[in-house]
Amino acid sequence: MSDKQARLLTGERVYLRPLNGEDSELYYQMFYDEETRWLTGTQKHNTKEQIARYIERKTGDDSSVLLLIALEENDTVIGDIAIQDMDRNNRTANLRIAIDKVEHQSKGYGQEALLLLLNYGFGILNLHRIELEVYAYNNRAVHVYEKVGFVREGVRRQTLYYNHEYHDVIMMSMLENEYRARYLP
């Protein structure tokens, strides 16, 4: 199966694979899941053509690694994850993740995908610091990030306007020595 050959990172229950041109429709459908848009604070509308161009741009972007999260048992794509905005001089990057449907959430898939990409970021990309932002109303994600080892650094108040309200964003990060102390023997 071609997906198995395209795997970049493999865990016990999920694997991470690059996006291909034929993934445009799938990515478009994920993009318009209402719950995913809420949890990620996505406001912008994109056409299928814009998404196809986005995938094409990301393929040639050496400052990011954009991957789909797929289930090991049946190759179903359940979300995406990215290390982006890599600064090679300072060895820093931003991380983001989205699990697309409620039936795939709260099962540990996101945590496993995070650990795969953190290992890649610190162990292969030689990053020193990986940071992320999460909206304060996304308690489930905050819990997972803290469980994995991300440290809260601060809050940017009333950063996102969504559903007629302003929402805070929590800034978190993990350093390479924190990752290694926690996950490497």
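Before reading on, note that the structure itself is shown above.
Here, residues in each chain are numbered from 1, in the same order as that chain's written sequence. Thresholds applied to this predicted model are a pLDDT of at least 70 for local features of residues and 80 or more for the giving and counting of side-chain atom pairs; totals over whole chains, interfaces and linings are not thresholded and use all residues. Neither water nor hydrogens contribute to the side-chain values; these are computed over all heavy atoms in the structure.

Caption draft 1: Inspection of the overall build of the chain at higher detail. For the purposes of this entry, the term helix denotes a DSSP run of H or I that reaches at least four residues, the term strand denotes a run of E that reaches at least two, and both are numbered from the N terminus. Helix and strand content of the chain: 7 helices and 8 strands. Only protein chains enter the accessibility calculation, which uses a 1.4 Å probe; a residue whose area is less than 20% of its type maximum is buried, one above 50% is exposed, and one in between is partly exposed. Within the chain, the proportion of its 185 residues that are buried is 47%. Counted over contacts in the chain with a minimum sequence separation of 6, partners at least 24 positions apart contribute 60%. For the chain, the exposed surface amounts to about 10,200 Å²; the carbon and sulfur share of it is 47%. The contact criterion used throughout is that any non-hydrogen atoms of two residues lie within 4.5 Å. Per-residue and other accessible areas were derived by the Shrake-Rupley procedure at a 1.4 Å probe size, with only the shown protein chains allowed to occlude residues.

Caption draft 2: Structural context of the packing of helix α5 (residues 109–123) against helix α7 (residues 176–183). Where α5 meets α7, the axes come as close as 11 Å, and the angle between the chain directions of the two elements is 125°. Here α5 is positioned oblique relative to α7, judged by the angle of their axes. Our pair here, α5 against α7, has a crossing hand that is left-handed. Facing α5, whose interface residues are L115, L118, N119 and F122, α7 presents E176, Y179, R180 and Y183. Only Asp, Glu, Lys and Arg are considered charged, only Ala, Val, Leu, Ile, Met, Phe, Trp, Tyr, Cys and Pro nonpolar, and every remaining residue, Gly among them, polar. Classifying every residue of the contact of α5 with α7 by side-chain character gives 5 nonpolar, 1 polar and 2 charged. A fitted line through C-alpha atoms represents every axis, and for helices the fit uses only the stretch in contact; the resulting angles, taken between N-to-C directions, go from 0 to 180 degrees. Here is the rule for angles: anything less than 35 degrees is roughly parallel, anything more than 145 is roughly antiparallel, 65 through 115 is roughly perpendicular, and the remaining ranges are oblique. Crossing chirality is assigned from the near helix's rotation relative to the far helix, an anticlockwise turn below a right angle marking it left-handed and a clockwise turn marking it right-handed.

Caption draft 3: Spatial organisation of helix α4 (residues 48–59). Between the first and last residue of a helix there are one fewer steps than residues, each counted as 1.5 Å, and that sum is the expected span. With 12 residues, α4 should reach 16 Å at 1.5 Å per residue; the first-to-last C-alpha distance of 17 Å fits that figure. Along α4, the positions that sit buried rather than exposed are I51, I55 and K58. For α4, the angular spread of the buried residues around the axis is 65°, confining them to a single face. Residues of α4 that are exposed and point over 90 degrees away from its buried face: E56 and R57. Working note: the arc is built from the helix axis to C-beta atom directions.

Caption draft 4: Expanded view of the side chain of D100. Along the chain, the position of D100 falls in the loop between β5 (92–99) and α5. A relative accessible area of 5% places D100 in the buried class.

Caption draft 5: Here's a closer look at the environment of Y135. Structurally, the position occupied by Y135 is in strand β6 (residues 129–135). Taking C-alpha positions, Y135 is 9.8 Å from Q158, a pair spaced 23 residues apart along the chain.

Caption draft 6: Molecular detail of the sheet that holds strand β3 (residues 65–71). A pair of strands counts as paired when DSSP detects no fewer than two bridges linking them. Taken together, 8 strands build an open sheet; the order of strands is β1-β2-β3-β4-β5-β6-β8-β7 and the sheet is mixed. Whereas interior strands pair on both sides, the edge strands pair on one side only; in this sheet they are β1 (9–10) and β7 (151–162). Pairing geometry for β1 and strand β2 (residues 14–18), over 2 bridges, is antiparallel. In the sheet register, T10 faces β2, and the bridge partner there is Y15. Each of β7 and β8 (165–175) touches α7; the most contacted strand, β8, lies at about 70° to it.

Caption draft 7: Molecular detail of the pattern of salt bridges. By definition, a salt bridge exists where a carboxyl oxygen of Asp or Glu is found within 4 Å of a side-chain nitrogen of Lys or Arg. On inspection of all chains with the given rule, the structure shows 10 salt bridges. In this structure, R7 and D75 form a salt bridge, with 3.6 Å as the shortest nitrogen-oxygen distance. Of this pair, R7 sits in the loop between α1 (2–5) and β1 while D75 is found in the loop between β3 and β4 (77–87), placing the two residues 68 residues apart along the sequence. Taking the relative accessible area as the measure of exposure, R7 reaches 17% and is therefore buried.

Caption draft 8: Spotlight on the packing of α5 against helix α6 (residues 139–148). The interhelical angle for the contact between α5 and α6, taken along N-to-C directions, is 45°, at an axis separation of 10 Å. By the angle class used here, α5 and α6 are oblique. Helix-helix and strand crossings are classified by hand; for α5 and α6 the assignment is right-handed. Contact with α5, carried on its side by Q111, L114, L115 and L118, involves V144, Y145, K147 and V148 of α6 and no other residues of that element. Residues that form the contact of α5 with α6 fall into these classes: 6 nonpolar, 1 polar and 1 charged.

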